[in-house]
Amino acid sequence: MNAPEPSRPPRLTSLSHGGGCGCKIAPGVLSEILRSMPSTLPVPTQLMVGIETADDAAVYRLNDDQALIATTDFFMPIVDDPYDFGRIAATNAISDVYAMGGTPILALGIVGMPINVLPLETIGRILEGGQSVCAAAGIPIAGGHTIDSVEPIYGLVVLGLAHPSRIKRNADAQPGDVLVLGKPLGVGVLSAALKKEQLDAQGYRRMIDSTTKLNTPGAELAALEGVHALTDVTGFGLAGHSLELARGAGCTVRIEWRRVPLIEGVRELAAQGFVTGASGRNWTSYGADVRLPEGYAVEDRALLTDPQTSGGLLVSCSREAAEAVLAVFRRHGFASAALIGEVVAGAPVLEVV
């Protein structure tokens, strides 16, 4: 009598209802939640950046030379490989410090796992993936918190430092600025194809290469004269995070779609219907403030709103500083970085041309 074969552990993505930054609460729903919060909480004068403009991290001035950057980010699996999931989640969390113009100094782990469903070896590999990225960023995971949860969750609290004068908010773009995007779009589309087991090995490699690339140019960009605003493009898509720039500055953001870099193959996948539910929720939340050109393709709109897990930095800088900004990206290995648009006087909307 043959012994029964041991059961295989479930695919990580099969245990979650959403993955990566596509798990984010839709921006319209989030605005409603935040609007109901009391506005009478004490705000210390040292708090340089709070929740007012939905920025990437909180910033607290410690003294004349140091500001503390604090952020947290976590989500459910976007891939099935546990090591890659850990790497992606950690890279994404650390990005918020870079997006404020800071340098990360330490992290704390956030771990929620279905202990009776996933093998301990799988959980260990997720943590190893996160540790590998923190090692590459030069920071320790100095503690954290774990719970037994229904869906697998992993992420980090990350602390960083910057000089107070070099903190870059998402609200300080200026009319006449140009916009530079550090990474190509399409991670959400690739994740949708992966979940339906329709992503080939090359597509998976492109997805991992993008989502595990640390946004290390952040601190160097913040030191450049002419860089006015920084953010990273994550769960709300390029359109959503561009609108945050527009609303913060009280200006119109104009994007030239032909200039926007895309991960190879994603436009074809989007045309085949491989899009995330978050893309549609994003459009429902903020589409009224987006002006699209006549004949704009459905797949292009899906990419415009595509949730980017561990997406690229979006820089608003003077036109004179654009070449220096692109040079910083190139030195850090961001070959796809491109000038994609501009900031002009006008209503706080996004125009796509």
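Residues numbered from 1 in each chain as written. Predicted model: local features only at pLDDT ≥ 70, side-chain atom pairs only at ≥ 80, totals over all residues. Heavy atoms only, no water.

## Looking at the overall build of the protein
Counting secondary structure elements, the protein contains eleven helices and 13 strands. For a compact globule of 353 residues, the expected C-alpha radius of gyration is about 20 Å, and the protein comes in at 20 Å, within 12% of that figure. Its C-alpha atoms put the protein at 80 × 50 × 45 Å along the principal axes. By the burial criterion, 52% of the 353 residues in the protein qualify as buried. As presented, the protein carries roughly 15,600 Å² of accessible surface, and 54% of it is formed by carbon and sulfur atoms. Here the protein carries 27 positive and 37 negative side-chain charges, and the mean point of each set is 2 Å from the other. (Helix = DSSP H or I, 4+ residues; strand = E, 2+ residues; numbered from the N terminus. Rg over C-alpha atoms; globule rule 2.2 N^0.38 Å. Buried < 20%, exposed > 50% of the residue type's maximum accessible area, 1.4 Å probe, protein only. Areas by Shrake-Rupley, 256 points an atom, 1.4 Å probe, with all protein chains shown as cover. Lys, Arg positive; Asp, Glu negative; His and termini not counted. Charge placed at Lys NZ, Arg CZ, Asp CG, Glu CD.)

## Section: the sheet that holds strand β13 (residues 350-352)
What the seven strands build is an open sheet, ordered β8-β11-β7-β12-β9-β13-β10; its pairing is mixed. The open sheet is flanked by β8 (227-232) and β10 (290-291), the only strands paired with a single partner. Note: strand β7 (residues 178-181) against strand β12 (residues 338-344), four bridges, orientation antiparallel. Following the sheet pairing, L181 is matched in β12 by A338. The strands touched by helix α2 (residues 82-99) are β8 and β11 (313-317); relative to β8, the strand with the most contacts, the crossing angle is about 170°. (Pairing = 2+ DSSP bridges. Contact = heavy atoms within 4.5 Å. Axes fitted to C-alpha atoms, helices over the stretch in contact; angles between N-to-C directions.)

## Here we look at helix α4 (residues 187-195)
In terms of burial, α4 is a largely internal element, eight of the nine residues being buried. Among all positions of α4, only V187, G188, V189, L190, S191, A192, A193 and L194 are buried. Structurally, α4 contributes buried residues whose contacts are with α5 (201-211), α8 (266-271) and α10 (298-304). Following α4 by one or two positions, E197 has its phi on the positive side, about 60°.

## Some points on the pairing of strand β5 (residues 141-148)
Little of β5 sits inside the fold, with zero of its eight residues counted as buried. Bridge count between strand β4 (residues 103-113) and β5: six bridges; the pairing is parallel. By the bridge assignment, M113 is partnered in β5 with D148. Between the parallel pair β4 and β5, the chain is carried across by helix α3 (residues 120-137), and the sense of this crossover is right-handed. (Right-handed = clockwise from strand over helix to strand, strands pointing away.)

## Brief notes about the sheet that holds β4
If you trace the six strands from one edge of the open sheet to the other, you get β1-β2-β3-β6-β4-β5, paired in mixed fashion. The sheet is open, and its two edges are formed by β1 (47-49) and β5, each paired on a single side. Taken over all neighbouring pairs, the strand axes of this sheet differ in orientation by 20° on average, direction set aside. In the packing of α2 onto the sheet, the strands contacted are β3 (67-75), β4 and β6 (153-162), and the crossing angle to β6 comes to about 30°.

## So, the packing of α2 against α5
Packed helices, taken two at a time, are described by the angle between their axes plus the distance between the axes. Contact geometry for α2 and α5: axes closest at 9 Å, N-to-C directions at 40°. For the pair α2 and α5, the contacting residues are D84, R87, I88 and T91 in the first and Y204, I208 and T211 in the second. In terms of residue class, the contact of α2 with α5 is built from three nonpolar, two polar and two charged. (Nonpolar A, V, L, I, M, F, W, Y, C, P; charged D, E, K, R; others polar.)

## Focus on the side chain of S95
Structurally, S95 is set in helix α2. Accessibility expressed as a relative area gives 1% for S95, which makes it buried. Residues contacting S95, with those up to four places away along its chain left out, are N215, D232 and G311.

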